[in-house]
Amino acid sequence: MAAEGDVDLDLEAEENCTGKPTEKPRKHDSGAADLERVTDYAEEKEISSSDLETAMSVIGDRRSREQKAKQEREKELAKVTIKKEDVELIMGEMEISRGVAERSLREHMGNVVEALITLTN
């Protein structure tokens, strides 16, 4: 009353009657060693929380200094007087928006020629 699948299993068992367990091919043994090396490396390179806090504070300080410098630059540019005719000239010649034309003029202290040269480059 054995099924066909049972017969096949019995034949395989008879072939391996030498008493030695069959060896499996060692395809992935080197992968385990590689994984162990990677985890060892990662453990060596862990960052302490104090180092992380220090780095974050340095980054925060740098950002705040850059933002402060940018605000000061904007204040300086806002003080520069520009002529409405110059803004319209640059807008017409370069086909740019009013904001870009005004910004360029302010950056060049109201000098139309320098503003146009910079916009063409």
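Residues numbered from 1 in each chain as written. Predicted model: local features only at pLDDT ≥ 70, side-chain atom pairs only at ≥ 80, totals over all residues. Heavy atoms only, no water.

The name an unreviewed UniProt entry assigns to the protein is Huntingtin interacting protein K, from the organism Astyanax mexicanus.

Draft legend 1. A look at unusual backbone geometry. Positive phi is not limited to glycine here, since Glu95 has a value of about 55°. Along the chain, Glu95 falls in the loop between helix H4 (84-94) and helix H5 (98-107). Overall, the relative accessible area of 71% leaves Glu95 in the exposed class. A positive phi angle, close to 55°, is found at Met109, a residue other than glycine. (Helix = DSSP H or I, 4+ residues; strand = E, 2+ residues; numbered from the N terminus. Buried < 20%, exposed > 50% of the residue type's maximum accessible area, 1.4 Å probe, protein only.)

Draft legend 2. Seen up close, the side chain of His108. Take His108: it is sitting in the loop between H5 and helix H6 (112-120). In this structure His108 comes out as buried when scored by relative accessible area, which is 17%. A polar atom in the side chain of His108 sits 2.9 Å from the side chain of Thr118. (Polar contact = N/O pair within 3.5 Å; in protein donor to acceptor, adjacent residues only side chain to side chain.)

Draft legend 3. View of H5. Among the residues of H5, those classed as buried are Ala101, Ser104 and Leu105. Looking straight down H5, one finds its buried side chains confined to an arc of 100°; they lie on one side. Packed against the buried residues of H5 are H4 and H6. Backbone geometry just downstream of H5 places Met109 in the positive-phi region, at approximately 55°. (Arc of directions from axis to C-beta. Contact = heavy atoms within 4.5 Å.)

Draft legend 4. Spotlight on the pattern of salt bridges. Here the structure, examined in full by the defined rule, presents two salt bridges. As a salt-bridge pair, Arg103 and Glu74 come within 2.5 Å of each other at their nearest N and O atoms. Of this pair, Arg103 sits in helix H5 while Glu74 sits in helix H3 (residues 49-79); the two residues are 29 residues apart in sequence, bridging distant segments of the chain. Judged by relative accessible area, Arg103 falls into the partly exposed class, the value being 32%. Residue Glu107 is joined to Arg103 by a salt bridge in which the shortest nitrogen-to-oxygen separation is 2.8 Å. With Glu107 and Arg103 both in helix H5, this residue pair falls four residues apart, about one helical turn. Members of the salt-bridge network, linked through shared partners, are Glu74, Arg103 and Glu107. (Salt bridge = Lys/Arg side-chain N within 4 Å of Asp/Glu carboxyl O.)

Draft legend 5. Highlighting the side chain of Ser104. The topology assignment puts Ser104 in helix H5. When its relative accessible area of 4% is taken as the criterion, Ser104 is described as buried.

Draft legend 6. Region of the structure containing the environment of Ser64. Along the chain, the position of Ser64 falls in helix H3. Relative accessible area serves as the criterion here: at 40%, Ser64 is assigned to the partly exposed category. Separated by 2.8 Å, the side chain of Ser64 and the backbone oxygen of Asp61 make a polar contact.

Draft legend 7. The environment of Val112, seen in detail. Summarising the element assignment, Val112 is placed in helix H6. You can call Val112 buried: its relative accessible area is 15%. If sequence neighbours within four positions are ignored, Val112 has contacts with Asp86, Leu89, Ile90 and Leu105.

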